[in-house]
Each structure stands twice: as structure tokens, then as C-alpha cells.
Amino acid sequence: MFQRFSPPANQPKYRFRCLFCGAEYAPDPFRLHCDQEHEPSLLRAVYASQQLTVRPQLPGLFQFIDWLPVEQYLSNVGKPITYQSQGLAQHLGLEQLWISFSGYWPERNARLLTCSFKELEAVTVLARIPQENQQVLAISSAGNTGRAFAQIYSRHGIPLCLVIPEKSLPAIWASESFNPSVRLVIVNKSEDYFDAIQLGRLISKLDGFFPEGGAANIGRRDGMGLTVIDAAVTLGRIPDHYFQAVGSGTGGIAAWEANLRLLQDGRFGEQAMTLHLAQNAPFTPMVDAWKAGEREIEEMTASVAKMRINQASAKVLTNRQPAYSIAGGVYDALTASQGSMYAVTNAEAQQARALFAELEGIDICPASGVAAAALLQAVQSGKVHKAETLLLNITSGGFERLQTECKLHYLKPSLGIDAQAISPEFVASRQSDFCPD
Ligand SMILES: *Cc1c(COP(=O)(O)O)cnc(C)c1O
Ligand SMILES: [Zn+2]
């Protein structure tokens, strides 16, 4: 199911570069961190192909394989799409409003069947795994990431151990039935995503398993960054402004890194785009830190965090440990792009969703409503001008549409573990239970 793809030049496809100390490393599908002892930092992929060759003969997002840290591709995968807005653009008086859409919208040939841009990272992370690999990827995620990994790994029959809190079971669906290569572990009666993270981490350290790495995985970031690459290829240039809702911040960092690659390419203009990143009030740790001019996020007590998370309607944006302060993270990306952050209330997000559905003709999820509402704020406050080129990242849409056309299958848990039972010894004693059949 994997097809080899060797870059034309006979040299390593990419190197890792540490964004704190500049150390470089040879390609390695499992590397997540710099070996030097210093503060936390991200590694970035530096591709041998400074110019992008779009390869329309390759499936879906793999047409941008030059700028993905993979040496093989998969069939039957989707891609983000980019189109020019008419309805919303007219309503806002904008001349060049472009939409990046990740999700299901067959009329526009958008066929990410997990309905979110997390599918871009799931596919890319999967394609990084060598064919001879025998280990099982362990990942914990409550919402869109969990569904994206479960669906993609199932579709391709690749082993996966996914850990979620019990209350997230309704998020793990697919429009086709699941393959037993995917094992779902739930933390019983757990409300708190932290328990699932802890269990996932312990499983990933067992023999026979490996961790995914989150924002530290270049596959994740370069997969998500394809929203910007696709837009730039469609427009023929780098947009002036980029709007996205953020939770872990990974997508925002990815957008900035994609922008840097496009600048290096040289054919997409010489001006960087300004990042406009939004969170759902009252859970706005990154917005608060950015507005205070701080690199560090102020500690929130668990009870305050929980209360704010409960009030936010876009749960995918409620990450408590975002990649904000880390070298190469959101703070650095915002600083370099002279960007802005926005706090968006549930009511504003809801209005923006309704407006988008009415004017553009497709349903969008709450997180995308947050991004659209940030665009409305920016237009009102004069941060963007009507002749500028704007890119609005609709990170998830078309779920309602998909539901009218497909019957959804829900992944059944293989086992449930009580939060109190989670310990390294206990997890080690149950190792075989986490392995797919
Ligand atoms: C995860 C997610 C986001 C936020 O992306 P980050 O990379 O976590 O900042 C936005 N929208 C949707 C639909 C998501 O699933
Ligand atoms: Zn380093």
C-alpha cells in the first residue's frame, strides 16, 4: 500500500534543524528532539528541494511530497482545497478573501472524510513510518486528532493504539467500518483529558510501541502546513494575512513554516504573511500571554482551567499545554510575522458559523467559527484592508453535510482502564492488551 518515492536528486530529502541551537540531524522517521542540552525547542525540516514541484499525478496531499518528510506515499488520501470567497467577501467588503477548506464538500472536491485538517497530519505521520517497522504507534487524543488517526490507520490497516477519555467516544467515527488494526483504549468515566495523555505516554514507552510526539513531530506540522502551500499554489502568491483558530498552536506554527518555505522558493512573493490566531473565550491562555507581551503562559489552576474549558464551545481549542513558549513555537511565529491574537466568545463564533453557512453554503465546526469571527474582528478594527489578500483557514467543515450522506460507524473500545489504576507497573502488566490483533 506504500509506494516508494525517491527525490530526483541523489541526496537526503531533508535535514532536521534545531530552532534553538541550530544543530542539524540526518533524516530519521522517529526523531522528535534535539540531542543538545538546552531549553525546549522544536526541530524543523529543511528540504533539499528549495523549490516546490507540484506533482498532480500523486494522490491527494502527496502532490506536495517535495515538502513532506516522507519517502513514500499512500493512495486514497485527500487534500485541503482553496477557493475564492464570493458571499462572505462581499458581505465584508473584501476583494481578495480566500478560503482554505479542510473537510467534506463534494461540489468543491473537498474529500477529507474525517472532516478536519487533523487528517493532513495523520496521513503525513503515517507515511513517515518505515514499511519494515514492527512497532505500534500510541497516541492519546480526545477529538479530531483521535478520529483522524483512527480512520486513516484503519483505512490502511496500520497498527495503532488510541487512548481517549470515555466521554470522547462519540468523536471516534468513520464513514466506513473500522479495521482491527486500530485498538481503542478508554479511561473509564474520565472527564479529564490529562488521564488519557498520561496513559498514552506510558503505553508509548513500552516495548513494541512508539510515541507520536505532537507539535514536535515534523510530519504533523508539515502536513498541516499544506493548507498554506495549497493556497499559495492556487493564488500564485503568499497571502498578506492568515486567520486560524488555535489550541495546541501546531497549525499556526505550521502555517508560518510553510510561509518561510514559500519565501525561500522565491516564486510566491517576497513578503511574509501576518498571522491572526484565535482562541475561544474564556479559555484563552495564548491570547492572554501574547497580549501581555509574555513568552511564558501564566499558570492556571486545574479548577480554573476546567471551568473555562467547560464554557468554551470549541473543545478542540482547549489544549492546556500548547506549543507556545518553546523555541520555534507560537510566540516566535507571532513575533516574526508581527501577528495578532484574538479572543472570540461562543456567541461570536456561533454567529460567524451561521454567516458562513448562509453566505458560503457549507456548515463549519465551532473552531472554524472562531477563526471566521476573528476575521470579522480584524475587518472591524481595520487590521486588514479591503484590497489585501486574506486566507481564512476553515480547519473543519462539512460534518453535517457528510452525515446526511453517510451512515457513521463508531469505533468500539477494546478495553477500559480506571484513572486511579494508571501507573507504570500496571500499564506494563497489561502490555499485550494494548497491541492490535
Ligand atoms: C486541532 C484543531 C484546531 C487547532 O489546531 P492546533 O494545531 O491545535 O492549534 C483548529 N481547528 C480544528 C478543527 C482542529 O481540529
Ligand atoms: Zn538544539
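Up top you'll find the structure we're talking about.
Residues numbered from 1 in each chain as written. Chains lettered and ligands numbered in written order. Predicted model: local features only at pLDDT ≥ 70, side-chain atom pairs only at ≥ 80, totals over all residues. Heavy atoms only, no water.

Undergrad: Can you walk me through helix H10 (residues 330–337) in this structure?
TA: Residues that lie three or four places apart on an α-helix share one face, since the helix turns once every 3.6 residues. Residues of H10 that are buried include every one of Val330, Tyr331, Ala333, Leu334 and Ser337, and no others. Seen along its axis, H10 keeps its buried residues to an arc of 165°; they face one direction. Check the buried side of H10 and you find it contacts helix H7 (250–265), strand E15 (274–280), helix H8 (285–291) and strand E16 (340–344). Directly beyond the C-terminal end of H10, a positive phi value near 50° is found at Gln338. (Buried < 20%, exposed > 50% of the residue type's maximum accessible area, 1.4 Å probe, protein only. Helix = DSSP H or I, 4+ residues; strand = E, 2+ residues; numbered from the N terminus. Arc of directions from axis to C-beta. Contact = heavy atoms within 4.5 Å.)

Undergrad: Looking at this model, I keep getting lost on the coordination of the zinc ion (ligand 2). Mind explaining?
TA: Ideal values for angles at a metal depend on the geometry: 109.5 degrees with four tetrahedral donors, 90 or 180 degrees with six octahedral donors. Distances from the zinc ion (ligand 2) to its protein donors, Cys18 (SG), Cys21 (SG), Cys34 (SG) and His38 (NE2), fall at 2.0 to 2.3 Å. Here the zinc ion (ligand 2) binds four donor atoms, and the angle range of 109 to 110° at the metal identifies the geometry as tetrahedral. Linear spacing of the donor residues for the zinc ion (ligand 2) on their chain is C-x2-C-x12-C-x3-H. When its relative accessible area of 13% is taken as the criterion, Cys34 is described as buried. (Donors = N, O, S within 2.8 Å, 3.2 Å for Na, K, Ca; no water. Tetrahedral: all angles 85-135°; square planar, octahedral: opposite > 155°, others 65-115°.)

Undergrad: For this particular structure, what's the right way to read helix H6 (residues 226–235)?
TA: The element H6 is largely enclosed, with a buried count of eight among its 10 residues. Along H6, the residues that are buried comprise Leu226, Thr227, Val228, Ile229, Asp230, Ala231, Ala232 and Leu235.

Undergrad: Just to check I follow, could you spell out the packing of aromatic side chains for this structure?
TA: Given two aromatic rings, one states the distance between the centres and the angle between the planes to describe the pair. Across all of its chains, the model carries 11 aromatic pairs by this definition. Ring plane angle 75° and centroid distance 5.3 Å describe the contact between Tyr14 and Phe16, whose orientation is recorded as edge-to-face. Accessibility expressed as a relative area gives 4% for Tyr14, which makes it buried. An angle of 65° between the planes, with centres 5.1 Å apart, marks the rings of Phe101 and Trp105 as edge-to-face. A relative accessible area of 0% means that Phe101 is categorised as buried. (Phe/Tyr/Trp six-rings, centres within 6.5 Å; stacked < 30°, edge-to-face > 60°.)

Undergrad: Would you mind showing me how to read unusual backbone geometry here?
TA: Most peptide bonds take the trans configuration, and most residues that are not glycine carry a negative phi. Backbone torsion omega between Ala281 and Pro282 reads 10°, so that peptide bond is classified as cis. Relative to the helices and strands, Pro282 resides in the loop between E15 and H8. The phi dihedral of Cys115 falls on the positive side, at around 65°, and the residue is not glycine.

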